Amino acid sequence: MKAFTSVRGLGRTDLESLVLETIEMRRALDRGAPLDQSLEGVCVANLFFEPSTRTRLSFDLATQRLGGHVITFFPESSSATKGESLRDTVLTVGGIGADILVVRHRMEGIPASVGEWTGLPVVNAGDGANEHPSQALVDAATIHQHFDHLEGLRMAIIGDVAHSRVAGSLIHAMATLGVDLTLVGPEEWLPAQSALPKKTDIDTLVGEIDVAYLLRVQTERGGVISNDYVDKYGLDSQRAARMSDRAVIMHPGPINRGVEIADQVADSPRSLIVEQVRNGVPARMVILRALAKGRP
Ligand code: NCD
């Protein structure tokens, strides 16, 4: 693999192998098994121009678990504040000796441009409202781990779909893997160009799905939380109680308790939110290993 900037170029077989490798890596981590040191001598630079907790830390730990070095760039204390261009900044990071760049930026397409400017393998850790491909791998692996398959599961992605880069990658990945998807939210947050089924009413489908995937309202990208949002779309205990016994609840985090998800629902036994966080490290290990090996 030369870059991991989008899930769009990945076929079903590629995605399935990444999912199965992630699950296998998770098991190895849980057992405390010796891990292959495929990043030995490899330097991974984390370039996060937008805030992050779980994504950045899991790329950090993923690198270290595979024997690599991490260097971290903080834009607010960097020469970007002295007027250095983004292109010059990333060329500097490459010049220092980084072998793989992990990039998060508020503008769509920046990770791909960074790959072109530097010639280095780049992971897109979130570009504007476009894509967040490593989160899609985390989520696909979490669902597969729980149900033991993906094909034919019914999933609703609920909330601010239009402004969400998580949804941007997840929709494509889930469709490729044979998951039956519905997008749910206020009309203005449902992407008009998508051919998937769309619903503005969560209550008509909450009892029919296997996975309720909730999104944070992306206020930094123009999403506005209306007064009736919680009432109409928030997953509270009453709605969760109408879900089927086997159904699960997911959220990429950070969660806004009391907005898209009620406190008790986020912490309930059917919530896989903690599992998603736990799968962050193995998924990123699998991605970095594939990039380091330059594997197709
Ligand atoms: C997401 C992001 O930054 O895109 N977080 C994450 O990486 N898990 C989701 C969000 O901020 O809502």
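Structural data are supplied above this passage.
How each quantity is defined
Residues numbered from 1 in each chain as written. Predicted model: local features only at pLDDT ≥ 70, side-chain atom pairs only at ≥ 80, totals over all residues. Heavy atoms only, no water. Axes fitted to C-alpha atoms, helices over the stretch in contact; angles between N-to-C directions. Helix = DSSP H or I, 4+ residues; strand = E, 2+ residues; numbered from the N terminus. Parallel < 35°, antiparallel > 145°, perpendicular 65-115°, else oblique. Left-handed = near helix turned anticlockwise from the far one by under 90°. Contact = heavy atoms within 4.5 Å. Nonpolar A, V, L, I, M, F, W, Y, C, P; charged D, E, K, R; others polar. Pairing = 2+ DSSP bridges. Near = heavy atom within 4 Å. Polar contact = N/O pair within 3.5 Å; in protein donor to acceptor, adjacent residues only side chain to side chain. Areas by Shrake-Rupley, 256 points an atom, 1.4 Å probe, with all protein chains shown as cover.

**Remarks on the packing of helix H3 (residues 86-96) against helix H4 (residues 110-118)**
Any two packed helices are characterised by how steeply their axes cross, that is the angle between the axes, and by the distance between the axes.
And step 1. Following both chains from N to C, one finds H3 and H4 inclined at 60°, their axes separated by 10 Å at the closest point. With respect to H4, the axis of H3 lies oblique. You can see that H3 and H4 cross each other, and the crossing is right-handed. Residue-level inspection shows Leu86, Arg87, Val90 and Leu91 of H3 in contact with H4, the latter providing Ile110, Val114, Trp117 and Thr118.
And step 2. Grouping the constituent residues of the contact of H3 with H4 by class yields six nonpolar, one polar and one charged.

**So, the sheet that holds strand E8 (residues 211-214)**
And step 1. An order of E7-E6-E5-E8-E9 is seen for the five strands of this open sheet, with the pairing classed as parallel. A single partner strand is all that each edge strand has here, and the edge strands are strand E7 (198-199) and strand E9 (248-250).
And step 2. With five bridges connecting them, strand E5 (residues 154-158) and strand E6 (residues 180-184) associate as parallel partners. The partner of Ala156 across the bridge, within E6, is Thr182.
And step 3. Here helix H5 (residues 133-147) sits on the sheet and contacts E5, E8 and E9; the angle it forms with E9, its principal contact strand, is near 165°.

**A few points about the sheet that holds strand E2 (residues 69-73)**
And step 1. Read across the sheet, four strands follow the order E2-E1-E3-E4 without closing on themselves; strand pairing throughout is parallel. Both outer strands of the open sheet, E2 and strand E4 (122-127), are each paired with one neighbouring strand and no more. Here the average twist between neighbouring strands, direction ignored, is 15°.
And step 2. Note that strand E3 (residues 100-105) and E4 share four bridges and pair parallel. Bridge pairing in E4 places His105 opposite Asp127.

**Some details on the site of the ligand**
And step 1. Taken together, Arg54, Thr55, Arg104, His132, Gln135, Arg165, Val166, Arg216, Gln218, Pro252, Gly253 and Pro254 make up all the residues around the ligand.
And step 2. Arg216 is positioned such that a nitrogen or oxygen atom in its side chain is 2.8 Å from an oxygen atom of the ligand.
And step 3. Within the backbone of Gly253, an N or O atom sits 3.0 Å from a nitrogen atom of the ligand.
And step 4. In isolation the ligand exposes 320 Å². Once the protein is present, 94% of that is buried.
And step 5. Taken together, the elements giving at least two residues each to the shell around the ligand come down to helix H2 (54-65) and helix H6 (165-176).
And step 6. Split into classes, the residues belonging to the shell around the ligand amount to three nonpolar, five polar and four charged.

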